[in-house]
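Coordinate analysis (summary)
So the chains spell out like this:
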Amino acid sequence: GAAQRHDVGRGLEARLNVLFRNIAKLVTTGERSLDECLPIIEYVARKVPRAWLYLADMCDELMEDSDTYVRNCLVRYLERDGKDDGRAWRRVADLFSKAGMVHEEINSLVSLAKAPNTPLFVFSNAVNRVNGLLRDRAATLDEQDRRQLMRELAETMNRRQNECNATDLSRLAWLYLSLQEIERA
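Here the structure is a predicted model, which is why all the values come from computation and not from measurement.

Parameters at a glance
- Residues numbered from 1 in each chain as written.
- Predicted model: local features only at pLDDT ≥ 70, side-chain atom pairs only at ≥ 80, totals over all residues.
- Heavy atoms only, no water.
- Helix = DSSP H or I, 4+ residues; strand = E, 2+ residues; numbered from the N terminus.
- Buried < 20%, exposed > 50% of the residue type's maximum accessible area, 1.4 Å probe, protein only.
- Core = buried A, V, L, I, M, F, W, Y, C linked by side-chain atoms within 4.5 Å.
- Contact = heavy atoms within 4.5 Å.
- Patch = residues over 30% accessible without salt bridge, like charges linked within 9 Å, V, L, I, M, F, W, Y side chains within 5 Å.
- Areas by Shrake-Rupley, 256 points an atom, 1.4 Å probe, with all protein chains shown as cover.
- Salt bridge = Lys/Arg side-chain N within 4 Å of Asp/Glu carboxyl O.
- Lys, Arg positive; Asp, Glu negative; His and termini not counted.
- Charge placed at Lys NZ, Arg CZ, Asp CG, Glu CD.
- Polar contact = N/O pair within 3.5 Å; in protein donor to acceptor, adjacent residues only side chain to side chain.
- Phe/Tyr/Trp six-rings, centres within 6.5 Å; stacked < 30°, edge-to-face > 60°.

**What to know about unusual backbone geometry**
A positive phi angle is found at N117, which is not glycine, with a value near 65°. Along the chain, N117 turns up in the loop between helix 6 (102–114) and helix 7 (120–136). Assessed through its relative accessible area of 79%, N117 is described here as exposed. Positioned with a positive phi, Q180 is a non-glycine residue whose angle comes to about 60°.

In structure tokens form, the structure reads like this:
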């Protein structure tokens, strides 16, 4: 319904929660199908990018084969408003991995690593995954893309070197070795 004067202080997030909770209830009780509700929800999400996250969560619960749709919702959110949202990057990277979309997974992991406030262990695990993917499937990326992604990771991790433990530093060394920068490794 229409917002009331006392709703203003609670912000848009509370309104989104209510909207998605009510739509999920309509769908789960069978009063409406998800297909009937999607155009309305997508309209809201185009105006309020954070709604793509709510839509991704709801579809993950209510759709049988939701991965592609959820992945697209997350990508829309990340493109519009969420470039610094490490949790969304992690989630979309996992969905790209599940779909076997190596290049997209690597790009998502690099973005995850570059997101502010990404915990070092998450960053380090992303670097480890990228190292493994590039080692095992180096042919899926052209050399220039591969080097650019590795350089971005190495430079970002190098800036956080004072937080790193031995494992993290070995992962950084592997990046530099792959870049053929032996002295930096």
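**Describing the nonpolar core**
The biggest cluster of nonpolar side chains holds 55 residues, and the ones touching the most others in it are F20, L55 and I106. Excluding residues within four positions of it along the chain, F20 makes contact with I41, A51, Y54, L55 and M58.

**Focus: a positive patch on the surface**
Judged by side-chain charge, R46, K47, R76 and R80 come together as a positively charged surface patch. The set of elements that each furnish at least two residues to the positive patch consists of helix 2 (34–47) and helix 4 (67–80). Residue class for K47 comes out exposed when judged on its relative accessible area of 56%.

**A short note on the side chain of S66**
With respect to the element layout, S66 can be found in the loop between helix 3 (51–62) and helix 4. Side chain to side chain, S66 and D60 meet in a polar contact 3.3 Å long. Setting aside chain neighbours within four positions, we find S66 in contact with C59 and D60.

**Here's the deal with the packing of aromatic side chains**
By the definition in use, this model includes one aromatic pair. When the ring of F20 is compared with that of Y54, the centres are 5.4 Å apart and the planes differ by 25°; the resulting orientation is stacked. In this pair, F20 sits in helix 1 (residues 11–28) while Y54 sits in helix 3, placing the two residues 34 residues apart along the sequence. Like Y54, F20 is buried.

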